[in-house]
Amino acid sequence: MQKIKSLMSRQGLKSPQESMADMSPVENFRIPSKEELRELREQPIDPQAEQEIIDSIEEVYFSSDSFDMVQYELEKLPPDLNLQELEEYRDKLKRQQAAELERVTSLQTNLQLAAVMCTNARRQLSFAKEGFTEASLGLLANQRRRQLLTGLLKSLRTIKTLQRTDVRLSEMLEEEDYPGAIQLCLECQKAASTFKHYSCISELNSKLQDTLEQIEEQLDVALSKTCKHFDVSHYTKVQLAYSLLGKTQTAMDQLHMHFTQAIHNTVFQVVLGYVELCAGNADTKFQKMQYKDLCTHITPDSYIPCLTDLCKALWEVMLSYYRTMQWHEEHDKEEAADPDTVSSGSLVVIGGYIFKCRSYVKKKLEHGLSRIWQDVQLKVKAYLLGTDMSNFKYDDFIVVLDVISRLMQVGEEFCGSKSEVLQESIKRQSVNYFKNYHRTRLEELRMFLENETWELCPVKSNFSIAQLHEFKFMGQCRSPSVSPSRQPASSEPVELSLFEQYTQVGNPFEMQIDNKEEETEDVLASNGYESDELEKSVYQDYDSDSDVAEELKQDFVDEQTGDIPAKSVSRETLRSRKRSDYNLNKANAPILTNTTLNVIRLVGKYMQMMNILKPIAFDVIHCVSQLFDYYLYAVYTFFGRNDMYESSGLGLISSRLRTTLNRIQESLIDMEAGGESVGPHGPPEERKEKVPSPHLSQLVVLTASGTLYGLAERVVATESLVFLAEQFELLQPHLDTMMPPAKKPFLQQFYSQTVSTASELRKPTYWIVAAKAIDYEQMLLLMAGVKWDIKEIMSQHNVYVDVLLKEFEQFNKRLGDVSRQVRIPLPVSNVLWEHCIRLANRTLVEGYANVKKCSNEGRALMQLDFQQFLMKLEKLTDLRPIPDKEFVETYIKAYYLTENDMEQFIKNHREYSMKQLANLVNVCLGSHINKKARQKLLAAIDDIDRPKR
């Protein structure tokens, strides 16, 4: 194109644009004729040849408009000119010029044709403009103006709506639609920013900002309401509102502050209400008191109701906090489970709601658990220590312990706390109360024992301590002897926590006093063993058959054949069996007194206190042991202490029992108060912990032979102690689980050295009966009248044997008479018979030791008498083996010993007295040994007896 322009300028030709510029639209325009156009198209053109000619033109010709081609060509001429070469070169240049000129001419023609076409198009467009464009543009201008006016009207309406937003906001706040109100405010602010170029919008923005601040204040009040009565929908609205404001963290901080304030306000209002109610006047001085001082004005009568209401109110606060945490946990789970959940930084979008800073909220709530529980403990501690509970009734104090125990259970489930503050405060009150209570109960026990007539308390044969109200709590606990790993996993349903049980309705502190008497005890028999009414009720089902069909009155009818079998059980047989069962039940009924029953109840009360408050378990068990110690000491003092058997040598009191009695006397019995001072007076503090020794009631007569010296009372007293010991044995596993590990040796020692010795008290208690029931002195006198130096072997026993057996028969009969009044257990019967037989056998040996002269035939008579006694005795008693049988037989056989054997016998048989051994030497060996040998044996006897003296 540059080459063409250069050539056209050299040839004086104009470019198409210049040509068109020189032509006016009308004057210079000429439409080519058809012939000219045809000639232009029909001219033969060889494009390739033409292109080769053009390409052969040197580039220098196109370099610039000032190029002098003539000078250039002249300079190219060689020094020696050749005409022919010049002509050829000239022809070449002509061809090149012609080809380039042809091309330029063709291009000019095409450009002129294009210019004509453009001119025609412009003319046509001008016609169109005049006909259509001006009208259309007018319509468009009007439409645009209309749109602008419509937008302006819409903006004005929006501004008008914004001006009236405060009415709707007030309605939404009354409906507690805080998220909607905030959303509306935010939208209004956004809309206001769009119209900020209007002068009225600046005032609206200020108004909206004030409204938002008002909403925040109402939100804070709404948030505080959730601290006492949590409502899911209400709390959801509040949280969403704070999220829309972008103040979730601020909401959490405010929430914890409100919970703290709610605890303080709640307890203050509850205590203030009771204080003012008890004061009975409208004095406003209480409202200005501190909470701790206010608690000291609670009266004992209103203490428990106030404590219960206090715990109920605090429960509502903690339940609200628990449900608050539950709400956040559920929403976290929804966020994790919802596939549409979108997380972005610290924002979490759930169902269109925005919750900020979940991790911060979770940590804040978890940290607040212990903080809130600490506030609760401190408030309840101030209430507990504000009143002296040492003079409370036992049932009232147990209610207090039960309520506090339930509160500590709430604390453990709430935040896993062991409630050290509550434990320490209730322990202080419990120790103070228990010392005073136990001292009173010991004095009460002494009064009961001193007024006890030791008559049988009629209880049912199936009596068990579990039937008493005081031990009902043990049925609600897992058996202490069964470890958790051995308990069946699927036998019991999973126990729900208190928060799970009372999440929606109810309160764990509402059932503390309601069910105190919902069950009645049924442990006493209707009228003891002699109750005719009870026997009638046993048989009445068999005596009343008037309304029974005749065929059913038959003893037995075969269902297949309808025949009556030959062997059948008659109605009389059934009655007989029923009577046997009834008598068996009477025979198996436990022996105890009213005092025993009271001690058992008292132990149950102590264990209730220990079960509720485990930190004082050792103090309680120590007091329980004192109850048993005092009861045992009283039974021993009333029925077992006697100077007669101290010199009997029978060893009736074991060293263990004697040690136990001495320990009880030193640690528990105030001998000075009982008029039995045996040593220096103890300090006053120590004497306060002791109890005077009890004295047997004057109504109890133990000297009458007709009652076997109070055998019935002795049986009731001793066997009630044994029964009490058996109940203590049953309670040992439970006590062991309650006892702190460091104090368990005390419990083991108590059971091994005290409880287990109860049955050993039978021997000294029943010995006096056996010693006085049979006239052993008469038997000695009868034996003294027997002649033992006979010369013939006798076939008939002596009279004293029959007298002694008659005494035993009479004793057996009187024993039966007593058993009709009170059941005599087999161990008691065995002890009585053992004492009687042992005393009889020792009386026989003593009688044989009084013999002055004795022959071999006399010794055979001794053996005959003793064998007759044993044969008849075995028919009277089932006791086997016969006590001290060898004691008598060995002594009789010693009459046959030689001098050397006698010396060894003396050394080996120290159970015989010095008199009895000396009689063997003097009577049996007197005629066979010399004086020196006799003195030697007597000296050996004296050496044996010397340590005893």
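Within every chain, residues take consecutive numbers counted from 1 along the sequence as written. Per-residue local features of the predicted model are confined to residues with pLDDT of at least 70, and side-chain atom pairs are confined, for both listing and counting, to 80 or more; whole-chain, interface and lining totals are unaffected and use all residues. Excluding hydrogens and water, the side-chain figures rest on all heavy atoms present in the structure.

Caption draft 1: Molecular detail of the overall build of the protein chain. A run of H or I in DSSP counts as a helix once it spans at least four residues, and a run of E counts as a strand once it spans at least two, with each numbered from the N terminus. Scanning the protein chain from N- to C-terminus turns up 36 helices and 5 strands. Contact criterion: two residues are considered in contact whenever any of their non-hydrogen atoms come within 4.5 Å of each other. The long-range fraction of contacts in the protein chain, counting pairs at least 24 apart against all pairs at least 6 apart in sequence, stands at 78%. Reported accessibility uses the Shrake-Rupley method at a 1.4 Å probe radius. Residues are deemed covered only where the shown protein chains occlude them. Of the roughly 53,400 Å² of accessible surface on the protein chain, 51% is carried by carbon and sulfur atoms.

Caption draft 2: Region of interest: the packing of helix H14 (residues 358–385) against helix H15 (residues 394–415). For every element, the axis is a line fit to its C-alpha atoms; helices are fit only across the contacting stretch, and the angle between N-to-C directions ranges from 0 to 180 degrees. Following both chains from N to C, one finds H14 and H15 inclined at 170 degrees, their axes separated by 10 Å at the closest point. Taken together, the axis directions place H14 and H15 in an arrangement best described as roughly antiparallel. Together, Leu 369, Ser 370, Ile 372, Trp 373, Val 380 and Leu 384 of H14 and Val 400, Ile 404, Leu 407, Met 408, Gly 411, Phe 414 and Cys 415 of H15 make up the contact between the two elements. The classification used treats Ala, Val, Leu, Ile, Met, Phe, Trp, Tyr, Cys and Pro as nonpolar, Asp, Glu, Lys and Arg as charged, and all other residues, Gly among them, as polar. Of the residues contributing to the contact of H14 with H15, the split by class is 11 nonpolar, 2 polar and no charged. Our angle categories are set so that under 35 degrees counts as roughly parallel, over 145 as roughly antiparallel, 65 to 115 as roughly perpendicular, and the remainder as oblique.

Caption draft 3: Quick look at the pattern of salt bridges. The rule for a salt bridge is simple: a side-chain nitrogen of Lys or Arg has to be within 4 Å of a carboxyl oxygen of Asp or Glu. For the structure on display, the rule yields 16 salt bridges. Its salt-bridge partner being Asp 884, residue Arg 842 comes within 3.2 Å of it at the nearest N-O pair. Taken as a pair, Arg 842 in helix H31 (residues 826–849) and Asp 884 in the loop between helix H32 (856–876) and helix H33 (885–893) lie far apart in primary sequence, 42 residues in all. For Asp 884, a relative accessible area of 14% gives the class buried. In this structure, a network of salt bridges that share partners links the residues Glu 834, Arg 838, Arg 842 and Asp 884. Only protein chains enter the area calculation, which uses a 1.4 Å probe; residues under 20% of their type maximum are buried, those over 50% are exposed, and those in between are partly exposed.

Caption draft 4: Representation of the side chain of Ser 243 in the model. Structurally, the position occupied by Ser 243 is in helix H10 (residues 232–245). You can call Ser 243 buried: its relative accessible area is 5%. Pairs of N or O atoms within 3.5 Å make up the polar contacts considered here, provided that, within protein, one atom can donate a hydrogen while the other can accept it, and that residues adjacent in sequence are counted only when both atoms are side-chain atoms. There is a polar contact of 2.8 Å between the side chain of Ser 243 and the backbone oxygen of Gln 239.

Caption draft 5: Molecular detail of the packing of helix H34 (residues 899–908) against helix H35 (residues 914–924). Interhelical geometry of H34 versus H35 gives an angle of 180 degrees and a closest axis separation of 11 Å. By the angle class used here, H34 and H35 are roughly antiparallel. Packed against H34, whose contacting residues are Met 902, Phe 905 and Ile 906, the element H35 presents Leu 917, Leu 920 and Val 921 at the interface. When grouped by side-chain class, the residues that make up the contact of H34 with H35 number 6 nonpolar, no polar and no charged.

Caption draft 6: Up close: the environment of Pro 692. By the secondary structure assignment, Pro 692 is in strand S5 (residues 691–692). With a relative accessible area of 15%, Pro 692 lands in the buried category. As a C-alpha pair, Pro 692 and Glu 672 span 20 residues in sequence and 7.7 Å in three-dimensional space.

Caption draft 7: Quick look at the packing of aromatic side chains. Put simply, two rings from Phe, Tyr or Trp (the six-membered ring, in Trp's case) pair if the centres are within 6.5 Å, and we call them stacked under 30 degrees between planes, edge-to-face over 60, tilted for the rest. Using the criterion set out here, one finds 34 aromatic pairs in the structure. Note on Phe 259 and Tyr 321: the rings are 5.0 Å apart at their centroids and 75 degrees apart in plane angle, and the pair reads as edge-to-face. With Phe 259 in helix H11 (residues 248–279) and Tyr 321 in helix H13 (residues 300–337), this residue pair connects regions lying 62 residues apart in the sequence. Looking at Tyr 321, the relative accessible area reads 0%, which means it is buried. Connected via pairs of aromatic rings, a cluster forms that spans Phe 259, Trp 315, Tyr 321, Tyr 322, Phe 414, Phe 499 and Tyr 502. By definition here, charges over rings are those cases where NZ of Lys or CZ of Arg is within 6 Å of the ring centre and within 35 degrees of the ring normal. Stacked on the ring of Phe 887, the Lys or Arg Arg 842 has its end atom at 4.5 Å from the ring centre. Its guanidinium or amino end placed over the ring of Tyr 896, Arg 859 lies 5.7 Å from that ring's centre, counting from NZ or CZ.

Caption draft 8: Structural detail: H15. A helix is expected to reach a length of 1.5 Å times the quantity of its residues less one. Taking 1.5 Å of rise per residue, the 22 residues of H15 would be expected to cover 32 Å, and the 31 Å separating its terminal C-alpha atoms lies within 8% of that figure. At the exit of H15 stands Gly 416, carrying a positive phi of roughly 75 degrees.

Caption draft 9: Seen up close, the confidence of the model for the protein chain. Averaged over all residues, the pLDDT of the protein chain equals 78, while 75% of them reach at least 70. Per-residue confidence from the prediction method is given by pLDDT, with values spanning 0 to 100. By mean pLDDT, the top-scoring element of the protein chain is helix H26 (residues 711–738) (93), and the lowest-scoring one is strand S1 (residues 342–344) (41). Across residues 341–356, confidence stays below pLDDT 50; counting only partners more than four residues off in sequence or on other chains, it has 36 contacts. Within the model, the stretch residues 527–569 combines pLDDT values under 50 with 44 contacts to residues more than four positions away or in other chains.

Caption draft 10: How the structure looks around a negative patch on the surface. Patch definition: residues with relative accessible area over 30% and no salt bridge; like charges joined within 9 Å; nonpolar side chains (Val, Leu, Ile, Met, Phe, Trp, Tyr) joined within 5 Å. Working convention for charge: Lys and Arg count positive, Asp and Glu count negative, and His plus the chain ends are omitted. Charge positions come from single atoms, namely NZ of Lys, CZ of Arg, CG of Asp or CD of Glu. Side chains of Glu 329, Glu 330, Glu 334 and Glu 366 sit close together on the surface and give a patch of like negative charge. No other element matches the 3 residues that H13 contributes to the negative patch. One can find Glu 366 in helix H14. A relative accessible area of 42% places Glu 366 in the partly exposed class.

Caption draft 11: The nonpolar core, seen in detail. Of all hydrophobic cores here, the largest spans 151 residues; its most connected members are Val 271, Tyr 383 and Phe 628. At 16 residues, the largest contribution of residues to this core is made by helix H23 (residues 617–640). With sequence-adjacent residues up to four places away left out, Tyr 383 is seen in contact with Val 271, Tyr 291, Cys 295, Ile 298, Ser 302, Tyr 303, Cys 306, Leu 307 and Leu 310. By nonpolar core is meant a set of buried Ala, Val, Leu, Ile, Met, Phe, Trp, Tyr and Cys residues that side-chain atoms within 4.5 Å join together. By size, the runner-up hydrophobic cluster in this structure holds 74 residues, among which are Val 715, Trp 788, Leu 815 and Ile 892.

Caption draft 12: Quick peek at the side chain of His 331. One can find His 331 in helix H13. A polar contact is formed between the side chain of His 331 and the backbone oxygen of Trp 327, at a distance of 2.9 Å.

Caption draft 13: Highlighting H11. Counted at 1.5 Å a residue, the expected span for H11 with its 32 residues is 46 Å, and the 46 Å between its end C-alpha atoms agrees. At the C-terminal side of H11, Gly 280 shows a positive phi close to 75 degrees.

Caption draft 14: Representation of the state of the cysteines within the structure. Any pair of cysteine sulfurs within 2.5 Å is marked as a disulfide. Tallying each qualifying case throughout the model produces 0 disulfides. We note that Cys 295 lacks a disulfide partner, and the nearest cysteine sulfur, in Cys 306, lies 7.5 Å from it. When its relative accessible area of 0% is taken as the criterion, Cys 295 is described as buried.

Caption draft 15: Layout of unusual backbone geometry. In this model, Arg 880 is joined to Pro 881 through a cis peptide bond whose omega is -10 degrees. Looking at the secondary structure, you find Pro 881 in the loop between H32 and H33. Even without glycine at this site, Leu 708 takes up a positive phi of about 55 degrees. The topology assignment puts Leu 708 in the loop between S5 and H26.

Caption draft 16: Focus on the environment of Gln 867. Tracing the backbone through its elements, the reader meets Gln 867 in helix H32. Exposure remark for Gln 867: the relative accessible area of 42% places this residue in the partly exposed category. The spatial distance from the C-alpha of Gln 867 to the C-alpha of Val 801 is 9.9 Å, given a sequence separation of 66 residues.

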